[in-house]
Amino acid sequence: KKVADRYLKREVLGEGTYGVVYKAIDTQTGQTVAIKKIRLGKQKEGVNFTALREIKLLKELKDPNIIELIDAFPHKGNLHLVFEFMETDLEAVIRDRNIVLSPGDIKSYLQMTLKGLAICHKKWVLHRDMKPNNLLIGSNGQLKLADFGLARVFGSPDRRFTHQVFARWYRAPELLFGTKQYGPGVDVWAAACIFAELLLRRPFLQGSSDIDQLGKIFAAFGTPSASQWPDMIFLPDYVEYQHVPAPPLRSLFPMASDDALDLLSKMFTYDPKARISVQQALEHRYFSSAPLLTDPVKLPRPA
Ligand code: ADP
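Values in this document were obtained by computation on a predicted structure and should not be read as measured data. (Residues numbered from 1 in each chain as written. Predicted model: local features only at pLDDT ≥ 70, side-chain atom pairs only at ≥ 80, totals over all residues. Heavy atoms only, no water.)

Caption draft 1: Fine view of the side chain of Arg201. Its place among the elements puts Arg201 in the loop between helix 5 (185–200) and helix 6 (210–221). A polar contact is formed between the side chain of Arg201 and the backbone oxygen of Ile94, at a distance of 3.0 Å. Not counting chain neighbours up to four residues away, the residues in contact with Arg201 comprise Val93, Ile94, Asp96, Arg97, Ile99, Val100 and Leu101. (Helix = DSSP H or I, 4+ residues; strand = E, 2+ residues; numbered from the N terminus. Polar contact = N/O pair within 3.5 Å; in protein donor to acceptor, adjacent residues only side chain to side chain. Contact = heavy atoms within 4.5 Å.)

Caption draft 2: A look at the state of the cysteines. The final tally for this structure, using the stated rule, is zero disulfides. Considering cysteine sulfurs only, Cys193 is the nearest to Cys120, which forms no disulfide, with 17 Å between them. Taking the relative accessible area as the measure of exposure, Cys120 reaches 0% and is therefore buried. (Disulfide = S-S within 2.5 Å. Buried < 20%, exposed > 50% of the residue type's maximum accessible area, 1.4 Å probe, protein only.)

Caption draft 3: Up close: the environment of Phe177. As for its placement among the helices and strands, Phe177 is situated in the loop between helix 4 (173–176) and helix 5. Between the C-alpha atom of Phe177 and that of Leu235, which follows or precedes it by 58 residues, the distance is 5.9 Å. If we ignore the near neighbours within four places in the chain, the residues touching Phe177 are Leu214, Phe218, Trp229, Met232, Leu235, Pro236, Asp237, Tyr238, Val239 and Tyr241.

Caption draft 4: Local environment of the sheet that holds strand 1 (residues 7–15). One open sheet accounts for five strands, arranged 1-2-3-5-4; its pairing is antiparallel. In this open sheet, the two edge strands, each paired with only one partner strand, are strand 1 and strand 4 (69–75). Along the sheet, successive strands turn relative to each other by an average axial angle of 25 degrees, direction set aside. (Pairing = 2+ DSSP bridges. Axes fitted to C-alpha atoms, helices over the stretch in contact; angles between N-to-C directions.)

Caption draft 5: Expanded view of the pattern of salt bridges. In this structure the tally under the stated criterion is 16 salt bridges. Taken together, the shared-partner salt bridges in this structure form one network comprising Arg6, Asp26 and Asp71. (Salt bridge = Lys/Arg side-chain N within 4 Å of Asp/Glu carboxyl O.)

Caption draft 6: Expanded view of the layout of surface pockets. In this model, the second largest pocket occupies a volume close to 310 Å³. Lining the second largest pocket are 18 residues, and of these Pro103, Ile106, Leu199, Met255 and Ala256 lie nearest its centre. Considered class by class, the residues forming the lining of the second largest pocket number 14 nonpolar, two polar and two charged. (1 Å grid on protein atoms, 1.4 Å probe; cavity = no way out; pocket = protein on both sides within 12 Å on 5 of 7 lines; lining within 4 Å. Points joined across faces, edges and corners; volume = space filled by probe spheres on them. Nonpolar A, V, L, I, M, F, W, Y, C, P; charged D, E, K, R; others polar.)

Caption draft 7: Spatial organisation of the sheet that holds strand 9 (residues 143–145). Pairing is antiparallel across the open sheet formed by three strands, whose spatial order is 6-8-9. Looking at the sheet topology across the chains shown, the edges are occupied by strand 6 (88–89) and strand 9. In this sheet, strand 9 lies alongside strand 8 (residues 135–137) in antiparallel orientation, the contact comprising three bridges. From the neighbouring strand, Leu136 faces strand 9, where its bridge partner is Lys144. Here helix 3 (residues 103–122) sits on the sheet in contact with strand 8 and strand 9, set at roughly 30 degrees to strand 9.

Caption draft 8: Representation of unusual backbone geometry. In the segment running from Ala290 into Pro291, the intervening peptide bond is cis, with an omega of 0 degrees. By secondary structure assignment, the location of Pro291 is in the segment after helix 9 (278–282). Within the chain, Arg128 stands out as a residue other than glycine whose phi angle is a positive 70 degrees. For Arg128, the position within the fold is in the loop between strand 7 (125–126) and strand 8. Look at Arg128 and you get buried, because its relative accessible area is 5%. Despite not being glycine, Arg201 has its phi angle at roughly 65 degrees, a positive value.

Laid out in structure tokens, this is it:
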């Protein structure tokens, strides 16, 4: 039986898109958990549907690099989702000035991110909201993808999604050009932004509007040519931009290894059809060449 008395409520952890998240103790197991309280009622169908979708997706996605949904139950007009409790997130790690991230640490965090994504993509699910604060980190250093509130099964009959789902800085160029038929490449682009952020210790492409976001992308990689991205001109919001040449990628990431830069450039490919897949990224030389990946338990985390 799913009863709310099972959980001992502790402090509030934060406010999410659909409601409060609080810490609790599972009295049945003694385990610390995070409970996401989703308000039902007001927006009825909308929230309800999103929540149910999240539950269904999470149950299908059981993996060491994906947050575990322990329990789900309605209580006092709210839907409660019980997740394993996570100590911190990647955003807190990146922002912490007391933390030094070695090349092996960065490699390890990126590999865990891509492994979680690979499971999503294998099951034909897009994450669609990849950003450092959605990458939670457990006490054993394991990184897990969270927040599938916006995720949605693709390959379903209606593939015309809305494109305003991403945190702008992590949004792929095809989304900024208004594509309605996007695929797993949008998660690869976002993962590339996270990779860049691990290297730079600040968000890489900080656009202040959608137009400015494209400007930041073009300033970093040059304006895409028709041969680089043949389908670009057919996108709904495509407009011709004044030509900007690409600076050498090396000049933007002076500390990165050649292997890191090679993988980064393949993840930041303009044409989503030519962009490296998550599986191919995991097989890239970067992950097998020196330095070795840091064991997750040894990864630096905020004090
Ligand atoms: P949003 O919907 O805005 O992305 P969430 O609802 O996922 O945010 O989470 C809100 C806050 O609750 C987060 O910023 C995080 O601090 C905290 N949180 C969410 N899930 C967990 C968890 N599993 N363990 C610990 N804290 C969590």
